[in-house]
Amino acid sequence: MKQKFDIGIIGAGLSGLTLGNSLLSKKIKNFILIEKNTHLKNDKTYSFWSGPGLFDIKKSFSVKPKKEWSQIEIKVKNKSYKIDLGSYRYACYSSESILDELYKKITKEGIKVERGHSINHVKKNQDGWEIKLKNKKILLKNVMDSRPNKIFDDKYPSLKQVFVGSEIISNQNIFDENVVTLMDFSESNKNVIFTYILPFSKNKALIETTFFSSEINFKQVEKIHNLNLKKFDIKEITRTEKAVLPMSPYIERKMEEQYFRIGNFGGASRPASGYAFTRIALWANQIKTKKEFCYDMIHHKENYLINWLDKIFLSVLRSNPQKAPEIFKVFFTKVPISSVIRFLSDQSRLVDYFVIILKLPKLVMLRGLINLYVK
């Protein structure tokens, strides 16, 4: 016997659950959620900016942050640059708390959820899309697939963000709990490498080692990460996380008729930074505010100016990774922090684009632009 649904959402991660809740806001309930894991995992940390002129994500998701900070720090060649965020804040959330809240809202409405199922094949037939789940078949008119690609886009200037993180408790009170170390750069001629520190207290923090690279080499990242951890006199590692995210300005959202990609491989991840939470929240709000639901609006809307600027920036990072520390330093210290935050949050004003272009190093950015068209 076949079960029939208008929409099938593959993957109960942030994008899948957010889409499910957005469908409910439109009174659409004939959908099914399919997830390979049997339970939620606390294996991610979501971070984003909040403040004046930004979409209120906290209100939209009805969740409390794990921690908020009023200052950020950029470190280049062991020199620290601290930036006060003024009326803005940098916040982080545990994936478990957010996904659990979104999941409860879906199950409360009686939506069909199938957990513990890996989808190996989605078959197209005359009635739509067919998925086999053990002893039954699911027929779908539309498929929203949030699963990661096995193959990453290598078209210039695409990169990968590869990171390994450890939440640690130190034997000493070594952290300034009011300041996020957003980027502490290591010197490299091949990759952009930096350490990211979210301090939850004076002796507890999330330490992440991140590579912007054209390759995926977890062994190399883990090696440097383990060396980094030795600096913090660790008493205990409470949890770990690692992932690889696409940094690509080329996204194929519509795979086939009525089959869409969502999530990081469907445009949720910002090409030049990897930030995804804000894009997903804005995407969900777009769905909610439409008078009538249509399937063409499910994919993330593309801002062509941001995409073009991201291409130039990625071109610089890929061609001249050794220049990255100085560029990021200028970006965070010379550009007004309000413009920086709005730009990173996909909510820029025209003046923000103007001041960013004006302040960034002209020659290296021009070379990045030229490389886009001659590579």
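Please read these numbers as outputs of a predicted model, since none were measured by experiment.

## Some points on the nonpolar core
Stage number 1. Ranked by internal contacts, the top residues of the largest apolar core, which has 53 residues, are Leu182 and Phe332.
Stage number 2. Broken down by element, the residue count for this core peaks at seven residues, all from helix α6 (residues 304–319).
Stage number 3. Residues within four places of Phe332 in sequence aside, it is in contact with Ile72, Ile74, Ile83, Leu182, Met183, Val340 and Leu344.
Stage number 4. By size, the runner-up hydrophobic cluster in this structure holds 36 residues, among which are Ile9, Leu17, Leu24 and Ala276.

## Things to note about the sheet that holds strand β13 (residues 179–186)
Stage number 1. If you trace the seven strands from one edge of the open sheet to the other, you get β6-β5-β13-β14-β15-β12-β16, paired in mixed fashion. Two strands close off the open sheet at either side, each with one partner strand: β6 (79–84) and β16 (234–247). Put simply, the sheet's adjacent strands are angled 15° from each other on average, direction ignored.
Stage number 2. Both strand β5 (residues 71–76) and β13 contribute to a ladder of five bridges, which runs parallel. Counted as the bridge partner of Ile72 is Val180 from β13.
Stage number 3. Strands β5, β6, β13, β14 (192–199) and β15 (204–213) of the sheet are contacted by helix α7 (residues 324–334), whose axis makes an angle of about 155° with β13.

## Side note on a nonpolar patch on the surface
Stage number 1. A contiguous nonpolar surface patch, about 600 Å² in accessible area, is contributed by Leu305, Trp308, Leu366, Ile370, Tyr373 and Val374.
Stage number 2. Looking at the nonpolar patch, the elements with two or more residues in it are α6 and α10 (362–374).
Stage number 3. By the element assignment, Val374 lies in helix α10.
Stage number 4. For Val374, a relative accessible area of 59% translates into the label exposed.

## Some remarks on the packing of aromatic side chains
Stage number 1. A complete count under the given rule lists 18 aromatic pairs for this structure.
Stage number 2. An angle of 70° between the planes, with centres 5.0 Å apart, marks the rings of Trp129 and Tyr259 as edge-to-face. With Trp129 in strand β10 (residues 128–133) and Tyr259 in strand β18 (residues 259–261), the pair connects residues that are 130 residues apart, well separated along the chain. Here Trp129 matches Tyr259 in class, with each residue buried.
Stage number 3. Aromatic ring contacts, followed pair by pair, group Tyr46, Phe48, Phe61, Tyr93 and Phe277 into a single cluster.
Stage number 4. Lys155 extends its terminal NZ or CZ atom over the ring of Tyr250, reaching a point 4.3 Å from the ring centre.
Stage number 5. Geometry around Phe343 places Arg270 over its ring, the cationic atom sitting 4.6 Å from the centre.

## Quick notes on the sheet that holds strand β7 (residues 89–94)
Stage number 1. The strand order across the open sheet built from three strands is β3-β7-β4, with neighbouring strands paired in antiparallel fashion. What marks the edges here is a single partner per strand, and that holds for β3 (45–50) and β4 (67–69). The sheet shows a mean angle of 20° between the axes of neighbouring strands, direction not considered.
Stage number 2. Here six bridges tie β3 to β7, and the two strands are oriented antiparallel to one another. Among the inter-strand pairings, Thr45 is bridged to a residue of β7, identified as Ser94.

Rules used in this analysis
- Residues numbered from 1 in each chain as written.
- Predicted model: local features only at pLDDT ≥ 70, side-chain atom pairs only at ≥ 80, totals over all residues.
- Heavy atoms only, no water.
- Core = buried A, V, L, I, M, F, W, Y, C linked by side-chain atoms within 4.5 Å.
- Buried < 20%, exposed > 50% of the residue type's maximum accessible area, 1.4 Å probe, protein only.
- Helix = DSSP H or I, 4+ residues; strand = E, 2+ residues; numbered from the N terminus.
- Contact = heavy atoms within 4.5 Å.
- Pairing = 2+ DSSP bridges.
- Axes fitted to C-alpha atoms, helices over the stretch in contact; angles between N-to-C directions.
- Patch = residues over 30% accessible without salt bridge, like charges linked within 9 Å, V, L, I, M, F, W, Y side chains within 5 Å.
- Areas by Shrake-Rupley, 256 points an atom, 1.4 Å probe, with all protein chains shown as cover.
- Salt bridge = Lys/Arg side-chain N within 4 Å of Asp/Glu carboxyl O.
- Phe/Tyr/Trp six-rings, centres within 6.5 Å; stacked < 30°, edge-to-face > 60°.
- Lys NZ or Arg CZ within 6 Å of the ring centre and 35° of its normal.

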